[in-house]
Amino acid sequence: MEFNFQGKKALVTGGGSGLGRECALLFARSGADVLIADLRPERCEQVAEEVRALGVKAIAYPVDVTNYEQVSAMYQKIVSEWGTVDFVVNSAGVCLTEELTKQSLKDIDASIDVNVKGTLYSCREALAIMRSKKYGKIVNMSSIAAKACLGGFSVYSATKAAVLAATASLGREAALDNVNVNCILPGIIKTSMWEEILDQLAGSDQAKRDEVWAEWNKGTPNGKPQDPIDIANMVAFLCTEEARYITSQNIGVDGGYTF
Ligand SMILES: NC(=O)c1ccc[n+]([C@@H]2O[C@H](COP(=O)([O-])OP(=O)(O)OC[C@H]3O[C@@H](n4cnc5c(N)ncnc54)[C@H](O)[C@@H]3O)[C@@H](O)[C@H]2O)c1
């Protein structure tokens, strides 16, 4: 799809990989400058290079979204460099699959910290700026796991349901200030997150990995493999003026997996 975001300023957490990277590149192709925020500095820098190669400005910003001071400093940076932030995509996330009794307390806390607190911290800072400017679009990454609550995903599902609920509430808080807050429920997309899930479920045996991957994909009603661009297109649409009346929503981009 083609979008015109000339002059817009976008910030993407988790922008160094997978869905966040694809959003950063689509914003850049559409003319927006992009701050790429990620825990992994080398990923930030690599995507920033890809963004610059598309003829717009990029800031590579290593950040741990679980650290409020770092998140706050990141928003100070984008405002001091570019004057504002128009679009925010909160894509930083982690997924551990394991029955609850086998998960360590450390892993449970880490998932909640990244997926829930990280998203809320980023939304808090973004909303303060956007509401004062009376303009902004926030898109959070929830997951089909928020609705399809399968065994082994209790913690992840809880975190993504929290993102969905927070999004609905924040959209209402900001509605009178011309700020839209929505979340997407992606389906099953082969990113580094899924490679890590396959590590957990199948180890390094490639045949077993292929088998587990095929098994998971059987659950997708339209039977087609999903690509990160499917998510980026919806994110970009939600940032257009045509989508001005869409807020507080959770939108499945999942081939019919959830409804
Ligand atoms: N890929 C899928 O199938 C899928 C499905 C549903 C939802 N999602 C959600 O989409 C989002 C993006 O997932 P993805 O598939 O692109 O995964 P990914 O692993 O490719 O990208 C996630 C990025 O988040 C970064 N990150 C992790 N912890 C961080 C932290 N504390 N601070 C800053 N950055 C951090 C990672 O370094 C990574 O680059 C996640 O929130 C995920 O839960 C993905």
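Preceding this section is the structure that the text describes.
Now for a description of the structure that goes with this document.

Conventions we followed
- Residues numbered from 1 in each chain as written.
- Predicted model: local features only at pLDDT ≥ 70, side-chain atom pairs only at ≥ 80, totals over all residues.
- Helix = DSSP H or I, 4+ residues; strand = E, 2+ residues; numbered from the N terminus.
- Rg over C-alpha atoms; globule rule 2.2 N^0.38 Å.
- Contact = placed C-beta atoms within 7 Å.
- Near = placed C-beta within 6 Å.
- Nonpolar A, V, L, I, M, F, W, Y, C, P; charged D, E, K, R; others polar.
- Core = buried A, V, L, I, M, F, W, Y, C linked by C-beta atoms within 7 Å.
- Buried ≥ 20, exposed ≤ 12 C-beta atoms within 10 Å, placed from the backbone.
- Pairing = 2+ DSSP bridges.
- Axes fitted to C-alpha atoms, helices over the stretch in contact; angles between N-to-C directions.
- Left-handed = near helix turned anticlockwise from the far one by under 90°.
- Right-handed = clockwise from strand over helix to strand, strands pointing away.

As a further point, take the overall build of the protein chain. Helix and strand counts for the protein chain come out as 8 helices and 7 strands. In terms of overall dimensions, the protein chain is globule-like: its C-alpha atoms have a radius of gyration of 17 Å, near the 18 Å expected for 259 residues. Based on the C-alpha atoms only, the size of the protein chain along its principal axes is roughly 50 × 35 × 35 Å. The contacts of the protein chain with a sequence gap of at least 6 include a subset with a gap of at least 24, amounting to 71%.

Let us now look at the site of the ligand. By nearness alone, 31 residues border the ligand, and Gly14, Gly18, Gly93, Thr191 and Met193 come closest of all. The residue inventory of the shell around the ligand, partitioned by class, reads 14 nonpolar, 13 polar and 4 charged.

Here we take up the nonpolar core. Within the largest apolar cluster, 66 residues are counted, with the highest numbers of intra-cluster contacts made by Ala24, Phe27, Val34, Ile36, Val51 and Val235. Each residue touching alanine 24, except ones within four places of it in the same chain, is listed here: Val12, Gly15, Val34, Ile36, Val47 and Val51.

Only one face of strand β7 (residues 250-253) is buried: it carries Asn250 and Gly252, and the other face, with Ile251 and Val253, is open. Here 4 bridges tie strand β6 (residues 179-186) to β7, and the two strands are oriented parallel to one another. In the sheet register, cysteine 183 faces β7, and the bridge partner there is asparagine 250.

Another aspect to go through is the sheet that holds strand β2 (residues 33-38). Strand order in the open sheet formed by 7 strands is β3-β2-β1-β4-β5-β6-β7, with parallel pairing between adjacent strands. Each edge of the sheet is formed by a strand with only one pairing partner; in this case those strands are β3 (58-62) and β7. Recorded for the sheet is a direction-independent mean angle of 15° between the axes of neighbouring strands. Looking at chain direction, strand β4 (residues 87-90) and strand β5 (residues 136-141) are connected through 4 bridges and run parallel. By the bridge assignment for β5, valine 88 is matched with isoleucine 138. Against the sheet, helix α8 (residues 228-238) contacts β4, β5, β6 and β7, and its axis sits at roughly 165° relative to β6.

Tracing the chain through its elements places serine 157 in helix α5 (residues 154-174). Assessed through the 19 C-beta atoms surrounding it within 10 Å, serine 157 is described here as partly exposed. The spatial distance from the C-alpha of serine 157 to the C-alpha of isoleucine 144 is 8.3 Å, given a sequence separation of 13 residues. Those residues in contact with serine 157, other than ones at most four positions away along the chain, are Ala145, Ala146 and Cys149.

A few words on unusual backbone geometry. Excluding glycine, most residues fall at negative phi; most peptide bonds, likewise, are trans. Positive phi outside glycine occurs at lysine 134, with the angle close to 60°. Looking at the element boundaries, lysine 134 is found in the loop between α4 (105-133) and β5. Positive phi values are uncommon outside glycine, yet asparagine 178 reaches one of about 65°. Judged by the 15 C-beta atoms lying within 10 Å of it, asparagine 178 falls in the partly exposed class.

In this section: the packing of helix α3 (residues 68-82) against α4. In the contact formed by α3 and α4, the axes pass within 9 Å of each other and the chain directions differ by 30°. Crossing angle aside, the handedness with which α3 passes α4 is right-handed. Between α3 and α4, the residues in contact are Tyr68, Val71, Ser72, Tyr75 and Val79 and Tyr121, Ser122, Glu125, Ala126 and Ile129, respectively. Here the residues of the contact of α3 with α4 sort into 7 nonpolar, 2 polar and 1 charged.

Counting buried residues in β5 gives 6 out of 6 residues, a clear majority hidden from the surface. In β5, alternate side chains face the same way, and those of Gly136, Ile138 and Asn140 on one face and Lys137, Val139 and Met141 on the other are all buried. Regarding the hand of the β-α-β motif, the stretch spanning β4, α4 and β5 is right-handed. Of the strand pairs in this sheet, β5 and β6 are connected by 6 bridges, and their pairing is parallel. The residue bridging valine 139 from the neighbouring strand is asparagine 182, located in β6. Remark: the β5/α5/β6 crossover connection has right-handed handedness.

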